[in-house]
Amino acid sequence: YKFFGFALAVLVVVDLFVIFGYAPTDADQGLVQKIFYWHVASAFVALSSFFLAVIFSALYLIKKKVNFDLWAMSLVEISFVFCSIVLLTGPIWAKPMWGVWWTWEPRLTSTLFLWLILMSYFILRGSFTDPNKKRTYCSALTIFGFLDIPIIVFAVKLWRGAHPIVLNKKSNLPPEMWFTFFFTIITVFLLAAFLAVTRVRLEKKIMQERGVL
């Protein structure tokens, strides 16, 4: 486990080297385009983590097993972290391209709404002293929040917002950029998986020390 954590840290460093040292600089956007790699990868992880959190939340409501709730909570936290990365890197990329830090276009607005749902999850979780009620209501909120995911995914096509469709059949990225993109995707997903497992292990240890697991 510790070796995997060390290897993952090395992988993140290698990924940064690949982004800034191997991938070519975009001729039109310049250096700021390199935000693309972590921005898109973080978006994928945020949505995927939330989707898995929905599954574990549903399993908890059906089976009432604490372990399902722990995984749901962990994945919501992971989704929150990477959704925050998306919302932080997005404006940095948008400013040189659009001339403004933020515009209320559909995909950005729906992503912000997801971030607020994730934030409300933590507020709700801290509002109950009864663990069963806490887990039940948080699971219900997670499932309800999933309604925002299709809006985020299809926002650009449905409302033709300013947000670009970064990857499609017409994408004309050079091989070096494609390699960097997929390398970053793998790196970020492995990082998210490691953080999720670490969070569950930590929460189980805390619960065992308190005698509630």
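Here goes a summary of the coordinates provided. A quick note: this is a predicted structure, and the numbers were derived from the prediction, not measured. (Residues numbered from 1 in each chain as written. Predicted model: local features only at pLDDT ≥ 70, side-chain atom pairs only at ≥ 80, totals over all residues. Heavy atoms only, no water.)

## So, the overall build of the protein
Looking only at helices and strands, the protein features seven helices and zero strands. When the elements of the protein are put in sequence order from the N terminus, they spell out α-α-α-α-α-α-α. Projected onto the principal axes, the alpha-carbon positions of the protein cover approximately 60 × 45 × 25 Å. Counted over contacts in the protein with a minimum sequence separation of 6, partners at least 24 positions apart contribute 77%. Total accessible area computed for the protein in this model is approximately 12,000 Å², and 71% of it derives from carbon and sulfur atoms. When the 20 positive and 11 negative side-chain charges of the protein are each reduced to one mean point, those points stand 8 Å apart. (Helix = DSSP H or I, 4+ residues; strand = E, 2+ residues; numbered from the N terminus. Contact = heavy atoms within 4.5 Å. Areas by Shrake-Rupley, 256 points an atom, 1.4 Å probe, with all protein chains shown as cover. Lys, Arg positive; Asp, Glu negative; His and termini not counted. Charge placed at Lys NZ, Arg CZ, Asp CG, Glu CD.)

## Structural notes on the packing of helix α3 (residues 66-98) against helix α4 (residues 106-125)
Viewed as axis vectors pointing N to C, α3 and α4 meet at an angle of 145°, and their least axial separation amounts to 9 Å. In the crossing of α3 with α4, the sense of the turn from one axis to the other is left-handed. Two secondary-structure elements touch here, α3 through Asp69, Ala72, Met73, Val76, Glu77, Ser79, Phe80, Cys83, Ser84, Val86, Leu87 and Trp98 and α4 through Leu108, Thr111, Leu112, Leu114, Trp115, Leu118, Met119, Tyr121, Phe122 and Arg125. Classifying every residue of the contact of α3 with α4 gives 16 nonpolar, three polar and three charged. (Axes fitted to C-alpha atoms, helices over the stretch in contact; angles between N-to-C directions. Left-handed = near helix turned anticlockwise from the far one by under 90°. Nonpolar A, V, L, I, M, F, W, Y, C, P; charged D, E, K, R; others polar.)

## Some words on helix α7 (residues 175-209)
The first and last C-alpha atoms of α7 sit 51 Å apart over 35 residues, in line with the 51 Å expected at 1.5 Å per residue. Positive phi appears at Gly211, one or two residues downstream of α7, with a value of about 75°. (Expected span 1.5 Å × (residues − 1).)

## Some points on unusual backbone geometry
One non-glycine residue, Lys64, lies in positive phi territory at about 60°. Turning to its location among the elements, Lys64 is positioned in the loop between α2 (35-63) and α3.

## What to know about the environment of Ala94
For Ala94, the location among the structural elements is in helix α3. What makes Ala94 buried here is its relative accessible area of 8%. Once the C-alpha coordinates of Ala94 and Leu124 are considered, the two residues, 30 residues apart in sequence, prove to be 33 Å apart. With residues near it in sequence (within four places) discarded, Ala94 still touches Gly99, Val100 and Trp101. (Buried < 20%, exposed > 50% of the residue type's maximum accessible area, 1.4 Å probe, protein only.)

## Some thoughts on the packing of aromatic side chains
Counted by the stated rule, this structure contains 16 aromatic pairs. Among the aromatic side chains, those forming a connected cluster through ring pairs are Phe36, Tyr37, Phe44, Trp178, Phe181 and Phe182. (Phe/Tyr/Trp six-rings, centres within 6.5 Å; stacked < 30°, edge-to-face > 60°.)

## A few points about the pattern of salt bridges
What the rule picks out here adds up to four salt bridges. Residues Asp69 and Arg125 are paired through a salt bridge, measuring 2.5 Å at the closest nitrogen-oxygen approach. Remark: Arg125 occurs in helix α4 and Asp69 occurs in helix α3; sequence separation between them is 56 residues. The two residues Asp69 and Arg125 agree in class, both being buried. (Salt bridge = Lys/Arg side-chain N within 4 Å of Asp/Glu carboxyl O.)

## A closer look at a nonpolar patch on the surface
A grouping of Phe4, Ile186 and Leu190 is seen on the molecular surface, where their side chains present a nonpolar patch of about 250 Å² in accessible area. Mapped onto the secondary structure, Phe4 falls in helix α1 (residues 2-22). (Patch = residues over 30% accessible without salt bridge, like charges linked within 9 Å, V, L, I, M, F, W, Y side chains within 5 Å.)

## As for the environment of His39
By secondary structure assignment, the location of His39 is in helix α2. His39 sits in the buried class, given a relative accessible area of 8%. One polar contact links the side chain of His39 to the main-chain carbonyl oxygen of Val86, over a distance of 3.4 Å. (Polar contact = N/O pair within 3.5 Å; in protein donor to acceptor, adjacent residues only side chain to side chain.)

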